[in-house]
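# Residue-level structure breakdown
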Amino acid sequence: INRWWTDSRLDLLEEEAMVDGIMMSNLKAGRKLNVTSYSEGVYDPIFLSAAVVATMSPKGVRNRLSTIRKEKEAKTSRPVLSKRHLRVLRQYIIFLFSRKLEKLLQNLSNGLKDHFNNIELWTKASSGGLAYSSNLASDGVAENGSSNLTGWQTFFDSYAYTASMEVEKRYYAMAS
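My aim in this report is to walk through the structure given alongside it, one point at a time. These figures come from a predicted structure and were not determined experimentally.

### Observations concerning the overall build of the chain
- For the chain, the count of helices and strands is six helices and two strands.
- Secondary structure elements of the chain occur, N-terminal to C-terminal, as α-α-α-α-α-β-β-α.
- For the chain, the residues scored as buried account for 24% of the 176 residues in total.
- Taking as baseline every contact in the chain between residues at least 6 positions apart, the subset at least 24 positions apart corresponds to 58%.

### Details of the side chain of Thr55
- Turning to its location among the elements, Thr55 is positioned in the loop between helix H3 (45-54) and helix H4 (58-70).
- With relative accessibility at 15%, the residue Thr55 sits in the buried group.
- Polar contacts involving the side chain of Thr55 include one to the main-chain carbonyl oxygen of Ala51, which spans 2.8 Å.
- With residues up to four places along the chain from it excluded, the contact list for Thr55 reads His85, Val88, Leu89 and Tyr92.

### Considering a nonpolar patch on the surface
- Taken together, the side chains of Tyr43, Leu48 and Phe97 present a nonpolar region at the surface, about 220 Å² in accessible area.
- Along the polypeptide, Leu48 turns up in helix H3.
- For Leu48, a relative accessible area of 34% translates into the label partly exposed.

### Focus: the packing of H3 against helix H5 (residues 83-113)
- Running from N to C, H3 and H5 point in directions that differ by 120°, and their axes come no closer than 10 Å. In terms of their interaxial angle, H3 and H5 are classed as oblique. Taken as a pair, H3 and H5 cross one another with a handedness that is right-handed. Of H5, the residues touching H3 (which contributes Phe47, Ala51 and Val52) are His85, Leu89, Tyr92, Ile93, Leu96 and Phe97.
- Considering only residue class, the contact of H3 with H5 consists of eight nonpolar, one polar and no charged.

### Description of H5
- Here H5 is 31 residues long and its end C-alpha atoms lie 44 Å apart, about the 45 Å a rise of 1.5 Å per residue gives.
- Listing the buried residues of H5 in full gives His85, Leu89, Ile93, Leu96, Leu105 and Ser109.

### A short note on the pattern of salt bridges
- Evaluated as defined, the whole model comprises three salt bridges.
- Taking the shortest distance from any N to any O, the salt bridge between Glu16 and Arg64 comes out at 2.6 Å. Residue Glu16 is found in helix H1 (residues 7-17), and its partner Arg64 is found in helix H4; the two are separated by 48 residues along the sequence.
- A relative accessible area of 15% places Glu16 in the buried class.
- Note that Glu120 and Lys113 form a salt bridge whose closest N and O atoms lie 3.7 Å from each other.

Thresholds applied
- Residues numbered from 1 in each chain as written.
- Predicted model: local features only at pLDDT ≥ 70, side-chain atom pairs only at ≥ 80, totals over all residues.
- Heavy atoms only, no water.
- Helix = DSSP H or I, 4+ residues; strand = E, 2+ residues; numbered from the N terminus.
- Buried < 20%, exposed > 50% of the residue type's maximum accessible area, 1.4 Å probe, protein only.
- Contact = heavy atoms within 4.5 Å.
- Polar contact = N/O pair within 3.5 Å; in protein donor to acceptor, adjacent residues only side chain to side chain.
- Patch = residues over 30% accessible without salt bridge, like charges linked within 9 Å, V, L, I, M, F, W, Y side chains within 5 Å.
- Areas by Shrake-Rupley, 256 points an atom, 1.4 Å probe, with all protein chains shown as cover.
- Salt bridge = Lys/Arg side-chain N within 4 Å of Asp/Glu carboxyl O.
- Axes fitted to C-alpha atoms, helices over the stretch in contact; angles between N-to-C directions.
- Parallel < 35°, antiparallel > 145°, perpendicular 65-115°, else oblique.
- Left-handed = near helix turned anticlockwise from the far one by under 90°.
- Nonpolar A, V, L, I, M, F, W, Y, C, P; charged D, E, K, R; others polar.
- Expected span 1.5 Å × (residues − 1).

Here you go:
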């Protein structure tokens with residue numbers, strides 16, 4: 001990471017994201033950059049700037065820095081992204097959000113496992129992610145090679161709905 005995030009790349013991030021010195025000193029000290037992105041496609045400008053700078057080639061970083069330094073007062077130009085860079089950026093963002101989703105699903109699965117008879121929930125972003133539906137063959141093994149994995153929709157339809165109805169029945173029984 002330290003080899004990729006060179007001083008010139010960090011300088012470019014500071015220029016493009018227009019962040020304050022505190023955030024940059026935290027980054028240089030090895031702390032994480034915390035930004036917000038929503039699933040409907042609204043991204044923090046700092047996140048987008050960081051993603052663009054992170055996926056730029058070293059030559060692209062040098063070219064962009066020289067352009068910025070020439071136009072220091074005007075600062076009118078924006079970075080130009082090639083089609084290849086856009087593909088790399090898109091793949092990077094997909095990878096980042098897939099990894100975050102899998103981490104969240106794994107944490108949820110671990111928390112629910114003890115309460116619902118050691119149920120194995122699907123925790124991958126692939127094969128539909130939350131919409132995963134296991135297609136079990138005659139030997140009880142799913143197409144992806146795993147067995148006894150339950151999709152989240154199936155889990156909520158069969159387990160969570162039943163559990164909430166039991167709580168509701170007890171609540172009404174206590175009220176009457």
